[in-house]
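# Commentary on secondary and tertiary structure
One letter stands for each residue in the lines below.
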Protein chains: 2
Amino acid sequence: MSGVLKLGELHGSLADPLLDAMTFLNEVTGRYPEAISFAPGRPYEEFFDPADIPGHLETYLRHLREEKGLTESQVRQEVFQYGRTKGIIAPLIARALAADEGITADPEALVVTVGAQEGMLLVLRALCAGPDDVLLVSSPCYVGVTGAARLLDLTVRPVPEAGPDGGLDPDALADAVRELRAAGKRPRACYVVPDFANPSGASMDERARRRLLDVAESTGILLIEDNPYGFFGRTGPARPTLKALDGDRRNVVYLGSFAKTCFPGARVGYLLADQQVVDEDGRSGLLADELAKLKSMTTVNTSALAQAVIGGMLLAGGLRLREANEPARQFYARNMDTLLTELENAFRSVPGVSWNSPEGGFFAVVTVPFRADARALDVCARTYGVLWTPMDGFHPGGGGERQLRLSCSYLTPEQIAEGVRRLARFVTERTAGQN
Amino acid sequence: MSGVLKLGELHGSLADPLLDAMTFLNEVTGRYPEAISFAPGRPYEEFFDPADIPGHLETYLRHLREEKGLTESQVRQEVFQYGRTKGIIAPLIARALAADEGITADPEALVVTVGAQEGMLLVLRALCAGPDDVLLVSSPCYVGVTGAARLLDLTVRPVPEAGPDGGLDPDALADAVRELRAAGKRPRACYVVPDFANPSGASMDERARRRLLDVAESTGILLIEDNPYGFFGRTGPARPTLKALDGDRRNVVYLGSFAKTCFPGARVGYLLADQQVVDEDGRSGLLADELAKLKSMTTVNTSALAQAVIGGMLLAGGLRLREANEPARQFYARNMDTLLTELENAFRSVPGVSWNSPEGGFFAVVTVPFRADARALDVCARTYGVLWTPMDGFHPGGGGERQLRLSCSYLTPEQIAEGVRRLARFVTERTAGQN
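What counts, and at which threshold
- Residues numbered from 1 in each chain as written.
- Chains lettered and ligands numbered in written order.
- Predicted model: local features only at pLDDT ≥ 70, side-chain atom pairs only at ≥ 80, totals over all residues.
- Heavy atoms only, no water.
- Helix = DSSP H or I, 4+ residues; strand = E, 2+ residues; numbered from the N terminus.
- Rg over C-alpha atoms; globule rule 2.2 N^0.38 Å.
- Buried < 20%, exposed > 50% of the residue type's maximum accessible area, 1.4 Å probe, protein only.
- Contact = heavy atoms within 4.5 Å.
- Least-squares fit on C-alpha atoms with pLDDT ≥ 70 in both.
- Pairing = 2+ DSSP bridges.
- Axes fitted to C-alpha atoms, helices over the stretch in contact; angles between N-to-C directions.
- Buried area = accessible area lost by both parts, 1.4 Å probe.
- Salt bridge = Lys/Arg side-chain N within 4 Å of Asp/Glu carboxyl O.
- Polar contact = N/O pair within 3.5 Å; in protein donor to acceptor, adjacent residues only side chain to side chain.
- pLDDT = per-residue confidence, 0-100.
- Expected span 1.5 Å × (residues − 1).
- Parallel < 35°, antiparallel > 145°, perpendicular 65-115°, else oblique.
- Left-handed = near helix turned anticlockwise from the far one by under 90°.
- Nonpolar A, V, L, I, M, F, W, Y, C, P; charged D, E, K, R; others polar.
- Phe/Tyr/Trp six-rings, centres within 6.5 Å; stacked < 30°, edge-to-face > 60°.
- Core = buried A, V, L, I, M, F, W, Y, C linked by side-chain atoms within 4.5 Å.

## Quick look at the overall build of chain A
Looking only at helices and strands, one finds 14 helices and 16 strands in chain A. Relative to a compact globule of 435 residues, whose C-alpha radius of gyration would be 22 Å, chain A shows 22 Å and is just as compact. Across its three principal directions, the C-alpha atoms of chain A cover 70 × 60 × 55 Å. The buried share of chain A, reckoned over its 435 residues, is 62%.

What follows is the structure, encoded as structure tokens:
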């Protein structure tokens, strides 16, 4: 019979429970549009106005004409044609990285990607070449990384975080590298979100960051630092990124995204890969150039139109994004404060329920005395009108079965308060066996 | 030593001669900016004006507000947020496909991709699951396909075209499938560009198309039809696409691109995958939904901003693109006429030189009596001021060593005439051993 394929004959990732779980979660979210949703890790969208887009585009075009001296024909080519695989706004991104993060980036070491997701895929593909190669990931871990690894048939080894608020444990990484090598494996890199991680909300303190960099230096493992939420600290000054702390040791490939600091609909991110790659004849080049070769086989270019609009936003903000994001930071900080206060109010005297206290970002994790799986979510959405994300899907090595992730980025403080009240009813009644 | 990686320890695709050759070609092109270039397969860019972009965006936003009845908040969400993995303009694309190609497409069977390149990557990944799986490709073949296969470590088997103007040979495909199965392999799909192929310029006549569909039906091989140039016929009415001819047999996954019909800088393409996928329990869904799962691991979404601008262009053209592209078709047809006339003038009495006569598109192929490799190209560019593309890189199984590809899409008729005169001097003197 033509036009019919068997799932079992397609690539194994498509039958992976991880992808099925994500599909199910999307379905559940779509099925209860009226519920208060702590599920999606989306930025709050009232900061955006479609009417601003032509202005940002015009700002970038003016920059091309007036500062770079391009002719109209060259401007047309820049925005409309196939362009450099590495992208067109790398020099602007390099200046923003210097101003915002104190990271010194050669624009030639940057590749503009279709979101950080494409950046991950490219880095994983370049580094993991054969069946003995292993990707280490902080656990719990963003599913985009474990999913990209699955698509490429890579082996993933989870490395635990240090407690509910501590972020990746550097000594656990050192142990994992040692064990893998003893077993004849080739650990290649470790994926980590040091600031306000997705899904745990945990952050690494500066001492742990320095220790992690030392582990990378001594073991020769690259760190893949993903930093989507770094601007959104709740309290105190921002901690330095791993990339900034590492200086010119080049143990870190840095993944950036404009999804939360500009807007997701542009789908513009970037990677900074300033490592040297040496061939058999001793010739050397940048890892970024190798990653660009791979990008020519995934998406060819990142939309020049989308890059131009992001470029205009960068220029409008004086080539620094942190200040432009201060209203967003305050909004998210207030939301996280509200979430933690409401959790305290609702659960302080409920036995068996605990939660962490993220220093910023979009996510917090609640531990409950029952299995918080997709079925529990369905009951909670239908009967109590509140949505969240089960944590088990974020644990590539198992775990998180009694935990749920709450995202507070996409709601108002009033919705957060009401959502936690609904969640409290669900948790209390489920603990008592009433639903 | 930290920050230094060995090329030999990175993924094998990065040391592949194919990718090195592409890098070299880009370098050569960049090194001789004043040369007349028959190298890049780019659309002519005088059809685009940056000033039109805000208007196209506004057209799409008005469509959302007035025709779909969305509130301002919903409009903001559509253009700025993370959206459906399958994309937001699928219904508009389905209507254009019906008007332009007579293809009946369920919008749910469409996935909007970051160019056709991402579409290829997704289809190849879904279909090729293990080491025995083989992708068949028409040969010579677009490097984007063989490159994507390399990135995924897939086995590729070339299937020859039927002569210089004939396109993929259906009987050669039937033979290849039989041989592969006899050798215990699992041939899965065949990539083909039936209209004005890149790089050969060849086209399949309607009889060959019907025969190819019958081979697909009888062998159970999916056809991956890529159609970037179909609007740009030089003479006569357009031939029906494989997808249109196939009707509801669903032997064809169709890849579309707006790079040549709208503009490349949007990076918006799509795939139509209406095949059924059945799991072990007998539940079935669309192949498009499986491909969307994979897309969530490559790029998450195609830029909603870029989709909105393309959506506006589709709406502005009355949801048909063929008519809107009539000026472009005439321009490219005149260029191909000019190229073929000038080749006749220059080479008619030169022994050992021949060329084909494409019925449309961007490309023609010239056969010369010497090795037309990257070194010859370098000499030709430096001394004669004209650039072209060696054909050997397009032959995954070897071949094309004495052929060069000429692209006429990106030049004026005057440049084409002068370029062919320069090429004739190079070919004549090289044949005589004078350079």
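## Describing the environment of B:Glu290
Within the secondary structure layout, B:Glu290 lies in helix α10 (residues 287-298). Taking the C-alpha atoms as reference, B:Glu290 lies 26 Å from B:Ser13; in sequence the two are 277 residues apart. Those residues in contact with B:Glu290, other than ones at most four positions away along the chain, are A:Leu7, A:Leu14 and B:Val277.

## As for the relation of the copies chain A and chain B
Mapping chain A onto chain B calls for a rotation angle of 180 degrees and an axial translation of 0.0 Å; the resulting RMSD is 0.0 Å. The superposition operator between the copies reduces to a two-fold rotation axis. In terms of proximity to the rotation axis, the leading residue of chain A is A:Pro54, whose C-alpha is 2.8 Å off the axis. In this assembly the copies share their binding face: 100% of the residues contributing to the interface of chain A also contribute to that of chain B.

## A short note on the sheet that holds strand β10 (residues 276-278) of chain A
Reading across from one edge, β11(A)-β10(A)-β1(B) is the order of the three strands in this open sheet, with mixed pairing throughout. Each of the sheet's edge strands pairs with one partner strand only, and the pair in question is β11 (284-286) of chain A together with β1 (4-6) of chain B. In this sheet, adjacent strand axes meet at a mean angle of 35 degrees when their direction is disregarded. With three bridges joining them, β10(A) and β1(B) adopt parallel strand pairing. Note that in β1(B) the partner of A:Gln276 across the bridge is B:Val4. Against the sheet, helix α10 (residues 287-298) of chain A contacts β10 and β11 of chain A together with β1 of chain B, and its axis sits at roughly 70 degrees relative to β11(A).

## Brief notes about the interface of chain A and chain B
How big an interface is tends to be expressed through the accessible area that disappears when the partners come together. In this assembly, 87 residues from chain A lie in contact with 87 residues from chain B. Carbon and sulfur atoms make up 63% of the surface buried where chain A meets chain B, a total of about 7,600 Å² over both sides. When the area that chain A buries against chain B is broken down by residue, the three leading residues are A:Phe80, A:Tyr82 and A:Met297, summing to 12%. The tally of links from chain A across to chain B stands at eight salt bridges. Summed over the shared surface of chain A and chain B, the result is 46 residue pairs in polar contact (both at pLDDT 80 or more). Considering each element in turn, the side of chain A that touches chain B owes the most residues, seven residues, to α10(A).

## What to know about the confidence of the model for chain A
Looking at chain A, pLDDT values average 94 and 100% of them are 70 or higher. Per the prediction output, this complex has pTM 0.97; the corresponding ipTM is 0.96.

## Considerations on the pattern of salt bridges
A complete count under the given rule lists 72 salt bridges over all chains for this structure. Across the salt bridge formed by B:Asp153 and B:Arg150, the nearest N and O atoms sit 3.6 Å from each other. With a relative accessible area of 44%, B:Asp153 lands in the partly exposed category. When its relative accessible area of 27% is taken as the criterion, B:Arg150 is described as partly exposed. A salt bridge links B:Arg211 to B:Asp171, with the nearest nitrogen and oxygen atoms 2.5 Å apart. On the criterion of sequence distance, the pair formed by B:Arg211 in helix α8 (residues 206-219) and B:Asp171 in helix α7 (residues 170-182) is long-range, its members being 40 residues apart. Relative accessible area serves as the criterion here: at 36%, B:Arg211 is assigned to the partly exposed category. One continuous salt-bridge network, built from bridges that share partners, spans A:Glu9, B:Asp133, B:Arg186 and B:Arg188.

## A closer look at helix α5 (residues 115-127) of chain A
With 13 residues, α5(A) ought to run about 18 Å at 1.5 Å a step, and its terminal C-alpha atoms sit 19 Å apart, in line with that. With respect to burial, α5(A) is a largely interior element, 13 of its 13 residues being buried.

## Focus on the packing of helix α12 (residues 326-347) of chain A against helix α14 (residues 413-431) of chain A
Residue and element names in this part refer to chain A. In contact at an axis separation of 9 Å, α12 and α14 are set at 30 degrees when each is read in the N-to-C sense. When the interaxial angle is binned, α12 and α14 end up roughly parallel. Handedness of the α12/α14 crossing: right-handed. For the pair formed by α12 and α14, the contact residues are Arg334, Asn335, Thr338, Leu339, Glu342, Leu343, Ala346 and Phe347 on the first element and Pro413, Glu414, Ile416, Ala417, Val420, Arg421, Leu423, Ala424 and Val427 on the second. Grouping the constituent residues of the contact of α12 with α14 by class yields eleven nonpolar, two polar and four charged.

## What about the packing of helix α1 (residues 17-31) of chain A against α10(B)?
For the pair α1(A) and α10(B), interaxial distance at closest approach is 11 Å and the crossing angle is 100 degrees. In terms of orientation, α1(A) and α10(B) fall into the roughly perpendicular class. Contacts from A:Leu19, A:Asp20, A:Met22 and A:Thr23 in α1(A) reach B:Lys293, B:Ser296 and B:Met297 in α10(B). When grouped by side-chain class, the residues that make up the contact of α1(A) with α10(B) number three nonpolar, two polar and two charged.

## Focus on the packing of aromatic side chains
Residues and elements named next belong to chain A. Counting across every chain of the model gives 40 aromatic pairs over all chains. Taking 5.5 Å as the distance between ring centres and 75 degrees as the angle between the ring planes, the aromatic pair formed by Phe331 and Tyr332 counts as edge-to-face. Across the pair, Tyr332 and Phe331 agree in class, each one buried.

## Notes on the pairing of strand β16 (residues 403-407) of chain B
All names here are of chain B. With four of five residues buried, β16 is to be regarded as a mostly interior element. Pairing between strand β13 (residues 363-367) and β16: five bridges, direction antiparallel. Bridge pairing links Ala364 to Leu406 in β16. Pairing geometry for strand β15 (residues 389-390) and β16, over two bridges, is antiparallel. Residue pairing in the sheet places Pro390 in a bridge with Leu404 of β16.

## Description of the environment of B:Lys260
With respect to the element layout, B:Lys260 can be found in the loop between β8 (252-257) and β9 (269-272). The class for B:Lys260 is buried, based on a relative accessible area of 10%. The spacing of B:Lys260 and B:Arg42 is 218 residues in sequence and 7.7 Å in space, taken between C-alpha atoms. Among residues more than four places away in sequence, those in contact with B:Lys260 are A:Tyr82, B:Gly41, B:Pro43, B:Pro228, B:Tyr229, B:Phe232, B:Asn325 and B:Phe362. Among the polar contacts made by the side chain of B:Lys260, one reaches the side chain of A:Tyr82 at a distance of 2.6 Å.

## Some words on the nonpolar core
The biggest cluster of nonpolar side chains holds 184 residues, and the ones touching the most others in it are A:Phe263, A:Ile310, B:Phe263 and B:Ile310. Those residues in contact with A:Phe263 that sit more than four places away from it in its chain are A:Phe48, A:Phe258, A:Val309, A:Ile310, A:Met313, B:Val79, B:Phe80 and B:Leu305. In terms of nonpolar packing, the next biggest core, distinct from the first, is built from 38 residues, A:Ile36, A:Ala39, A:Val368 and A:Val427 among them.

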